[in-house]
Every structure is written in structure tokens, then in C-alpha cells.
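# Residue-level structural notes
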Amino acid sequence: MRRALVVGGANGIGLAIATFLAQEKEYDKVYIVDRAPIAPEYMCNKFEHIAFDLRNDDYSLFDRFSDIDTLMITAGFGRLAHFTDIDEKHIVDSFSVNTTAVIRIIHHFYDRLLAHDNFYCGIMGSIAGFISSPLFSVYGASKAALKIFIESVNIELEMAGSLNRILNVAPGTIKGTAFYNGDNDLSLTTVLAEEIVAHLEARSDLYIPLYDEIYREVLERYHDDFRAEGRHSYIYKIESGRVK
């Protein structure tokens, strides 16, 4: 039997991934590490919830999960706002949770990634880590740091002879999550969760949902003129009504 750990699995796409894995016959347990509790309506008998704040200094907790072969890190947050409206605590907490915490967790499992046994590992990044994202500057910067980290470590794994890779999942907006103070809706996130798990199982290193439909063109525009694409992104976000 297999076991998985989903960091940030109490809400959003993390919850959808944890739920999908729990429904798979080969998994007998899915550990969920999250500061938030799991809502009663989403609990299942394969879940084991461990409360943990990723801003803590002591990460020895992650050494207890020696029985897993699947690690998915989905914890993270962002605020859509002008940089002038963001306080310093938000900046520090953003990098602590979105970036530093992720790198620290990977460090605890790096021996598993280097080993010959299959180890399936993924990180929820963002398309904002690939392009300038005005009104999302701090969040985008935290995810851009992850992008370079993942790409660099994957090359080290390759050169060390390991077939394991870290999957960078880089979506845009995901419907059905609490990211923008919305509600969890597994009916809107389950398909994406299944696609992410498929890429995990294939040990892919990058998955951009809706790449052909949306983001191929966005990335091409950004490559051609990043300033013009930045202005386009700014206007799009303002007109969306999500900037408070």
C-alpha cells in the first residue's frame, strides 16, 4: 500500500488532490499537514490531519513521514493589491510560507528524491512565477523563486542519476478554492487534481494547466514585449474587480 503527504491539503486544490488520492485503492493513508482544520464534510477515514504553521522554526515534524512515496506541497497564499498597499509583515510571511517553507520541506525529503526508488513530488507554483504580475508582485516573486529552485534541483537530480523529479504545477486562477476568499468546491477542482496526479505519476517536471488554450499565447506575448504584457495584465486585473 502507498501513502501520501499533502502539505496545505485542508483547502483548495490541496484538498482536491488529497481527496483524489484517498479514493485510489493503492493508498491506505493520506497525511494532511495544514494550519487550518479539514471541514467535517470533507473528512474521510484515510486522512490523518496534523496541525502545523509553516512559519514555525522547527521543521523536524517532516522527518516522521518516512512511509510516504508521494509528496505534494500546495500551501501558499497571495493578495491582489498595489505594492503600496502591502505591509512588511505580508512580505515576510509570503516568502516564509510560499517559498522558504517549500524549500525546507524538500530538503527534508531530498534523500528520497535522490534514491533509486520511485518518489513522486510536486509543488504548487503559479503562472505568476513565469511572467511579471503587477498587483501580484510579492506573490509572483515568491513563486518565481520556486521556479528557479525547482529547475535547478531537477538538473542536480538528473546529473546524480535519479529518475525522480519535482513537478512544478503553474496554474493561473483556479476556480473552486478559498484563494480569493471563496469556498471549497470539489466539483470544480477534481479534474485538475486528477491531471496533477497524472503528471506526478509520470514524474514530469512542469505542468501548466490550460497551456495550449491560454498560456502559450500569454508566454509568447511576454517574451516578445514584457512591458506591454505587464500593462495588459494590470488592466485585466483591475477590470476583474478583484483588487480591493
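Everything discussed here concerns the structure shown above.
Predicted, not measured: the structure shown is a model, and the values here were computed from it. (Residues numbered from 1 in each chain as written. Predicted model: local features only at pLDDT ≥ 70, side-chain atom pairs only at ≥ 80, totals over all residues. Heavy atoms only, no water.)

## Topic: the packing of aromatic side chains
Each aromatic ring pair is summarised here by two numbers: the centre-to-centre distance and the angle between the ring planes. Put simply, the test is: Classification of ring pairs uses Phe, Tyr and Trp, with its six-membered ring standing for Trp, and accepts pairs whose centres are within 6.5 Å; under 30 degrees between planes counts as stacked, over 60 as edge-to-face, and the remaining range as tilted. Where helices and strands are cited, they refer to DSSP runs of H or I of at least four residues and of E of at least two residues respectively, numbered from the N terminus. The rule is simple: take the accessible area with a 1.4 Å probe, protein chains only, and divide by the maximum for that residue type; under 20% is buried, over 50% is exposed, in between is partly exposed. Think of it as a cone above the ring: NZ of Lys or CZ of Arg counts as a charge over the ring if it is within 6 Å of the ring centre and within 35 degrees of the ring normal.
If you walk through the whole model with that rule in mind, you get 8 aromatic pairs. Summarising the aromatic geometry, the rings of Phe52 and Phe62 are spaced 5.6 Å apart at their centres and angled 90° between planes, so their arrangement reads as edge-to-face. Of this pair, Phe52 sits in the loop between strand S3 (47-51) and strand S4 (70-73) while Phe62 is found in the loop between S3 and S4, placing the two residues 10 residues apart along the sequence. By the burial criterion, Phe52 is buried, and Phe62 matches it. Pairwise contacts between aromatic rings join Tyr31, Phe52, Tyr59, Phe62 and Phe65 into one cluster. Above the plane of the ring of Tyr59 lies Arg104, whose end atom (NZ or CZ) is 3.8 Å from the centre. A cation over a ring is seen here: Lys147 above Phe130, with NZ or CZ 5.1 Å from the ring centre.

## Some thoughts on the pattern of salt bridges
Condition: Basic side-chain nitrogens of Lys or Arg form a salt bridge, by our definition, when they fall within 4 Å of a carboxyl oxygen of Asp or Glu.
Applying the stated criterion to the full structure yields 13 salt bridges. A salt bridge links Asp67 to Arg3, with the nearest nitrogen and oxygen atoms 2.8 Å apart. Of the two residues, Asp67 sits in the loop between S3 and S4 while Arg3 sits in strand S1 (residues 2-7), which places them 64 residues apart along the sequence. You can call Asp67 partly exposed: its relative accessible area is 31%. One salt bridge connects Asp53 with Arg55, and the closest N-O pair in it is separated by 2.8 Å.

## Quick look at helix H4 (residues 137-159)
For clarity, the cut-off: For a helix, the expected span equals 1.5 Å multiplied by the residue count minus one. Whether two residues are in contact is decided by their heavy atoms: any pair within 4.5 Å suffices.
An ideal rise of 1.5 Å per residue puts 33 Å on 23 residues; H4 measures up with 33 Å between its terminal C-alpha atoms. Regarding H4, the residues found buried are Val138, Tyr139, Gly140, Ser142, Lys143, Leu146, Lys147, Phe149, Ile150, Val153, Asn154 and Leu157. Considering only its buried residues, H4 is in contact with helix H2 (88-108), helix H3 (110-114), strand S5 (120-124) and strand S6 (166-169). One or two steps after H4, the chain reaches Gly161, where phi turns positive at roughly 90°.

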